[in-house]
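One letter stands for each residue in the lines below.
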Amino acid sequence: MEYVFGTQGDAEVLKTKGDAHTDLTGFHSIERAYPDQTITDNFRIVRKLDSQEDSEGNCYDWYEIDHHYRITDKTGPVAEQVEAIEAAIERGLNL
């Protein structure tokens, strides 16, 4: 499932894209991991705005959302780099 956050006028919106339609309600937390960071979006569904399908069978749903906040965590890659440096130092000291 793909999630795209944006705005429509004064409202904040979420578009979902997948092989089936969604029926989201309430609060949600979506975590996406990338090589250099993890992004977590937290939000509440206000209402469903629209649903459509394309000729390739993709399903799209649009929602109005609020209470949206995003957390970007870049500590994972930094911790991996520190571990690699510490391991290299240990190997150098054991020679």
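Keep in mind it's a predicted model, so treat the numbers as computed, not measured.

What counts and what doesn't
- Residues numbered from 1 in each chain as written.
- Predicted model: local features only at pLDDT ≥ 70, side-chain atom pairs only at ≥ 80, totals over all residues.
- Heavy atoms only, no water.
- Helix = DSSP H or I, 4+ residues; strand = E, 2+ residues; numbered from the N terminus.
- Contact = heavy atoms within 4.5 Å.
- Salt bridge = Lys/Arg side-chain N within 4 Å of Asp/Glu carboxyl O.
- Buried < 20%, exposed > 50% of the residue type's maximum accessible area, 1.4 Å probe, protein only.

S.K.: Residue-level account of the environment of T72, with values.
M.R.: Position of T72 among the secondary structure elements: in strand 5 (residues 59–73). As a C-alpha pair, T72 and E12 span 60 residues in sequence and 19 Å in three-dimensional space. In contact with T72, not counting residues within four places along its chain, are Q37, T38 and I39.

S.K.: Lay out the pattern of salt bridges with the relevant residues and their values.
M.R.: Summed over the entire model, instances satisfying the criterion amount to 6 salt bridges. With its nearest N and O atoms 3.9 Å apart, the salt bridge here joins E2 to K17. Note that E2 is positioned in strand 1 (residues 2–8) and K17 in strand 2 (residues 11–18), a separation of 15 residues in sequence. Among the residues examined, E2 registers a relative accessible area of 46% and is labelled partly exposed. The shortest N-O distance in the salt bridge between D66 and R44 comes to 2.8 Å.

S.K.: How would you summarise the environment of F43 if you had to cite specific residues and measurements?
M.R.: Residue position: F43 is located in strand 4 (residues 37–53). In this structure F43 comes out as buried when scored by relative accessible area, which is 1%. Measuring from C-alpha to C-alpha, the distance between F43 and M1 comes to 17 Å, with 42 residues separating the pair along the chain. Setting aside chain neighbours within four positions, we find F43 in contact with F5, L14, G26, F27, H28, I30, I65, D66, H67 and H68.

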